[in-house]
Amino acid sequence: MTFAVRTLDPLKDAELVHGWVTHPKAAFWLMQDAKLQDVEREYMAISAAAHHDAFIGELDGVPAFLMERYDPAHVELVGLYDPEPGDIGMHFLVAPTDSPVHGFTRAVITAVMEHLFTDPSVRRVVVEPDVRNTAVHALNEAVGFVPDREIQKPEKMALLSFCTREQFESATAGSTV
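Residues numbered from 1 in each chain as written. Predicted model: local features only at pLDDT ≥ 70, side-chain atom pairs only at ≥ 80, totals over all residues. Heavy atoms only, no water.

Participant: Is there a simple way to think about the overall build of the chain in this case?
Facilitator: Counting secondary structure elements, the chain contains five helices and seven strands. Listing every helix and strand of the chain by position from the N terminus yields β-α-α-β-β-β-α-β-α-β-β-α. For 177 residues, the compact-globule formula gives about 16 Å, and the C-alpha radius of gyration of the chain, at 15 Å, lands near that figure. By the burial criterion, 45% of the 177 residues in the chain qualify as buried. Intrachain contacts of the chain at a sequence separation of at least 6 include 60% that bridge at least 24 residues. As presented, the chain carries roughly 9300 Å² of accessible surface, and 53% of it is formed by carbon and sulfur atoms. Separation between the mean location of the 14 positive side-chain charges and that of the 27 negative ones in the chain comes to 1 Å. (Helix = DSSP H or I, 4+ residues; strand = E, 2+ residues; numbered from the N terminus. Rg over C-alpha atoms; globule rule 2.2 N^0.38 Å. Buried < 20%, exposed > 50% of the residue type's maximum accessible area, 1.4 Å probe, protein only. Contact = heavy atoms within 4.5 Å. Areas by Shrake-Rupley, 256 points an atom, 1.4 Å probe, with all protein chains shown as cover. Lys, Arg positive; Asp, Glu negative; His and termini not counted. Charge placed at Lys NZ, Arg CZ, Asp CG, Glu CD.)

Printed below as a string of structure tokens:
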């Protein structure tokens, strides 16, 4: 599977993303009750932010996932850990589907990580999923993330985890996904 990643357009993509973030499978995205205008507002703010970006991942031209990249020294994790040079934060959400494809979500997180590591200044990816989201913990570990500790964020108890470029390459070496 080969994915393309493009910058999210907060107005053109709002309806699409709204359907994704309010879907029952996106409960950990914490936007279940969001209105379309809430999604537009959220992604307009991200689009305007200096340290946060949002992207749409496509498979054969069809939107397949949402990805956010942020600088944890300025967004999400300020004061919750000591950022190192080359750290980048990441969130991803696979589009809901009625016909899931085995291995698809792992292919998405692999593509997300590959995209992040195309920037030579990125040395380590940082994630902070909800501690209860065991499915994403398993996916994260499959691509090389190592859990560090639980942290209390305003909206959730999170599992702070890190993945260096070397850990990612080692975890995905020989992967057919």
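Participant: Would you take a moment to explain the sheet that holds strand 2 (residues 52-59) for this structure?
Facilitator: Strand pairing in a sheet relies on backbone hydrogen bonds. The paired strands run either parallel or antiparallel. Read from one edge to the other, the open sheet built from seven strands follows the order 1-2-3-4-5-7-6, with strand pairing classed as mixed. Bordering the open sheet on either side are strand 1 (3-7) and strand 6 (146-152), each of which pairs with just one other strand. Here the average twist between neighbouring strands, direction ignored, is 30°. As paired elements, strand 1 and strand 2 share five bridges and run antiparallel to each other. (Pairing = 2+ DSSP bridges. Axes fitted to C-alpha atoms, helices over the stretch in contact; angles between N-to-C directions.)

Participant: Honestly, helix 5 (residues 165-172) in this entry has me stumped. Any pointers?
Facilitator: The periodicity of an α-helix, 3.6 residues per turn, causes residues three or four positions apart to be oriented the same way. Along helix 5, the residues that are buried comprise R165, F168 and T172. Projected down its long axis, helix 5 shows its buried positions confined to an angular sector of 65°, all on one face. Facing away from the buried surface of helix 5 by more than 90 degrees, the exposed residues are E166 and S170. Elements that come into contact with the buried residues of helix 5 comprise helix 3 (104-117) and strand 7 (157-164). Phi for G174, located one or two positions after helix 5, is positive at around 80°. (Arc of directions from axis to C-beta.)

Participant: I would appreciate a short explanation of the pairing of strand 2 in the present structure.
Facilitator: Here is the key point about a regular strand: its side chains alternate between the two faces of the sheet. Taking burial as the measure, the eight residues of strand 2 include seven buried ones, the bulk of the element. In terms of strand pairing, strand 2 meets strand 3 (residues 62-70) through eight bridges, oriented antiparallel. Residue pairing in the sheet places F55 in a bridge with M67 of strand 3. What sits between strand 2 and strand 3 in their antiparallel hairpin is a turn of two residues, with D60 showing a positive phi close to 55°.

Participant: Looking at this structure, I do not really get the environment of E42. What am I missing?
Facilitator: Residue placement: E42 occurs in helix 2 (residues 36-48). With 24 residues separating them along the chain, E42 and L66 place their C-alpha atoms 13 Å apart.

Participant: Even after reading the chapter, I still don't get the packing of helix 1 (residues 14-21) against helix 2, so can you show me in this structure?
Facilitator: What describes two packed helices is the angle between their axes and the distance between those same axes. Contact pair helix 1 / helix 2: the axes reach a minimum separation of 9 Å and the direction vectors enclose 110°. Classified by the angle between their axes, helix 1 and helix 2 sit roughly perpendicular to one another. Contact residues: helix 1 offers A14, E15, V17, H18 and V21, while helix 2 offers L36, V39, E40 and Y43. Here the residues of the contact of helix 1 with helix 2 are counted per class, giving six nonpolar, one polar and two charged. (Parallel < 35°, antiparallel > 145°, perpendicular 65-115°, else oblique. Nonpolar A, V, L, I, M, F, W, Y, C, P; charged D, E, K, R; others polar.)

Participant: Would you take a moment to explain the nonpolar core for this structure?
Facilitator: Soluble globular proteins: nonpolar side chains tend toward being buried together. Of all hydrophobic cores here, the largest spans 28 residues; its most connected members are F3, M90, F92, M113 and V125. Of all elements in the fold, only strand 2, strand 3, strand 4 (87-94), helix 3, strand 5 (124-127) and helix 4 (134-142) reach the threshold of two or more residues within this core. Considering each element in turn, this core owes the most residues, nine residues, to helix 3. Judged by nonpolar contacts, the second largest core, of 16 residues, contains L8, A34, L66 and L93. (Core = buried A, V, L, I, M, F, W, Y, C linked by side-chain atoms within 4.5 Å.)

Treat this as a map of the structure, not an account of what it does.
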